[in-house]
Amino acid sequence: MTNRVLVAPSNDAEQARLGAQIHALMTRLFPICRSLTGAGVRETLDILREHVPLEIRSVPTGTPVLDWTVPKVWNVRDAWIKDPSGQKIVDFAVANLHVVSYSTPVRTVLSLDELKTRLHSLPNHPDWIPYLTSYYRESWGFCVAHRLVESLMPGDYEVCIDATLEDGDLVWGEYVVPGTSEEEVLLSTYLCHPSLANDNLSGVALLAALAERMHGRVTKFTYRFLFIPETIGAIAWLAMNGANLSRIRHGLVATCVGDPGPLTYKRSRSGAPIDRVAELVLRDRQRPFKCVDFFPWGSDERQFSSPGFDLPIGSLMRTPYAEFPEYHTSADDLTFVTPAALGETCAAYADIVDVLEADETYVNLSPFGEPQLGRRGLYQHLGGARDQEAAKLAMFWALNLSDGRHSLSQISARSGIAFRTVRAAADALIAADLLATSLPNRSPS
Ligand code: ZN
């Protein structure tokens, strides 16, 4: 029997190594100040290119893309606030979350009351720094711990944001594993957040690790990996790839994949086959998981699943964005994500790839009555008694539903039998000439 596992780790130790590898890549990328555009995105892509040969794509500032326009490029060199005694009390060099992303440059002196209108903090989490952006409205501000705000004395505060907003390019990375078919699986993630771990450096590092594992493999589907800035990157990519979207058969958005919560699958908008495959993979892993229906907010699935495109794309995550208190704060750091969780999520992504690759639709070549399995030695092809019982039932299901209209993943979902077992049963039936991808040509009599 052929080994149909392409990319999934073969044991717990390999899964643990994979998780450690993803966490190590996150640790390296974590300090970089990323935004929709700018040097941090390019530096991140350069590091990812050490792992997979990403193509860098770009579109210039001012380009109309669908209903949007590509923004100016933002870079920040330095930013700080000095208190009335001249002491730096907020410093971008210490935490890049301190600057509201896309802040316009400023150098001025403010009273305490004026300063407070520019400060953002979290009274309920007084030690955490929030993450805020002002992409499409020119403004500036600082994000700080609420404890600091409460400690400030009246006086003159000097503030500086040494930033630039100028014409340039929106860039992203794209990597393709060419398959024997042009039909595509789209795996997308976003790299526009600064030092935040689960949202979404975890998705970036996980897809980089998966792409690295798939590099050079022979696959049926073509796999396209996107490392894009959220929203505007997805919109720009969709605007530039309209002609090729019909090739997309399946897809997943990777976000928030490293926290210790259970795996969560968010279904596609229109109930695409990826939903069945993702759900049976989670079922077969025999660990707690959740499935939630599509909703039109969240990450880039809201662009891919806008009604004009309605791509067959779901999202596999752990705790969904905004459902963990650390979301969009400095508490979403490298201690919030664990190598164990990253390894488990990556293994689930790899399992999905393996099921997509191994899923086929067959026809029963002996459909009138039950073929005699004992005569063909088909009752002995697996080990232990329980395995043998499941293998026997899987053969009955595969023979019964292989009418050219039910794929093995559909048979696995309907029977409740693990995909791996159904696949093995189908292989045994093929070897016994009981299943085939199509009926043999019969010459007219
Ligand atoms: Zn986010």
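Residues numbered from 1 in each chain as written. Predicted model: local features only at pLDDT ≥ 70, side-chain atom pairs only at ≥ 80, totals over all residues. Heavy atoms only, no water.

Q: Quick question: what am I supposed to make of the sheet that holds strand S9 (residues 156-166) here?
A: Whenever strands of a sheet pair, they do so through backbone hydrogen bonds, lying parallel or antiparallel. Pairing is antiparallel across the open sheet formed by four strands, whose spatial order is S5-S4-S9-S6. The open sheet has two free edges, formed respectively by strand S5 (88-91) and strand S6 (106-111), since each of these has just one partner strand. Within the sheet, the average angular offset between the axes of one strand and its neighbour, ignoring direction, is 20 degrees. Sheet analysis places strand S4 (residues 73-82) next to S9, joined by nine bridges and oriented antiparallel. Residue pairing across strands places Trp80 opposite Cys160, the latter belonging to S9. (Pairing = 2+ DSSP bridges. Helix = DSSP H or I, 4+ residues; strand = E, 2+ residues; numbered from the N terminus. Axes fitted to C-alpha atoms, helices over the stretch in contact; angles between N-to-C directions.)

Q: Where do I start with helix H2 (residues 39-48) in this structure?
A: Residues that lie three or four places apart on an α-helix share one face, since the helix turns once every 3.6 residues. Restricting attention to buried positions, one finds in H2 the residues Gly40, Val41, Thr44, Leu45, Ile47 and Leu48. The buried residues of H2 occupy an angular sector of 160 degrees when projected down its axis, which confines them to one face. (Buried < 20%, exposed > 50% of the residue type's maximum accessible area, 1.4 Å probe, protein only. Arc of directions from axis to C-beta.)

Q: Sorry, what's going on with the coordination of the zinc ion here?
A: Reference values for coordination geometry: four tetrahedral donors around a metal ideally subtend 109.5 degrees, six octahedral donors ideally subtend 90 or 180 degrees. For the zinc ion, every protein donor is listed as His193 (NE2), Asp199 (OD) and His328 (NE2), and the spread of their distances is 2.1 Å. Mapped onto the sequence, the residues coordinating the zinc ion show the spacing H-x5-D-x128-H. Asp199 sits in the buried class, given a relative accessible area of 1%. (Donors = N, O, S within 2.8 Å, 3.2 Å for Na, K, Ca; no water.)

Q: I would appreciate a short explanation of the domain arrangement of the chain in the present structure.
A: Note on interface size: it is often stated as the accessible area lost on association of the parts. Domains assigned within the chain are domain 1 (12-70 + 169-358), domain 2 (74-166) and domain 3 (361-436). Put simply, the middle of domain 1 and the middle of domain 2, counted by C-alpha atoms, are 31 Å apart. Ranking the residues of domain 1 by area buried against domain 2 places Cys33, Leu36 and Ser330 at the top, with a combined share of 28%. Our count for the contact surface shared by domain 1 and domain 2 stands at zero salt bridges. (Domains from an automatic or database assignment. Buried area = accessible area lost by both parts, 1.4 Å probe. Salt bridge = Lys/Arg side-chain N within 4 Å of Asp/Glu carboxyl O.)

Q: Whenever I open this one, unusual backbone geometry confuses me. Can you help?
A: Negative phi characterises most residues that are not glycine, and trans characterises most peptide bonds. Each neighbour pair has its own omega, and for Asp199 with Asn200 the value is 5 degrees, a cis peptide bond. One can find Asn200 in helix H5 (residues 197-214). Despite not being glycine, Thr231 has its phi angle at roughly 60 degrees, a positive value. One can find Thr231 in the loop between strand S12 (222-228) and helix H6 (232-240). Within the chain, Asp433 stands out as a residue other than glycine whose phi angle is a positive 60 degrees. With respect to the helices and strands, the residue Asp433 is situated in the loop between helix H12 (419-431) and strand S19 (435-436).

Q: Help me out: how do you make sense of the packing of helix H1 (residues 12-29) against H5 in this one?
A: The geometry of a pair of packed helices is captured by two quantities: the angle between their axes and the separation between those axes. Across the interface, H1 lies against H5 with an axial gap of 9 Å and an inter-helix angle of 125 degrees. By the angle between their axes, H1 is oblique relative to H5. Relative to H5, the crossing made by H1 is right-handed. Facing Glu14, Leu18, Gln21, Ile22, Leu25, Met26 and Leu29 of H1, the residues of H5 in contact are Ala197, Leu201, Ser202, Val204, Ala205, Leu206, Ala208, Ala209, Glu212 and Arg213. (Parallel < 35°, antiparallel > 145°, perpendicular 65-115°, else oblique. Left-handed = near helix turned anticlockwise from the far one by under 90°. Contact = heavy atoms within 4.5 Å.)

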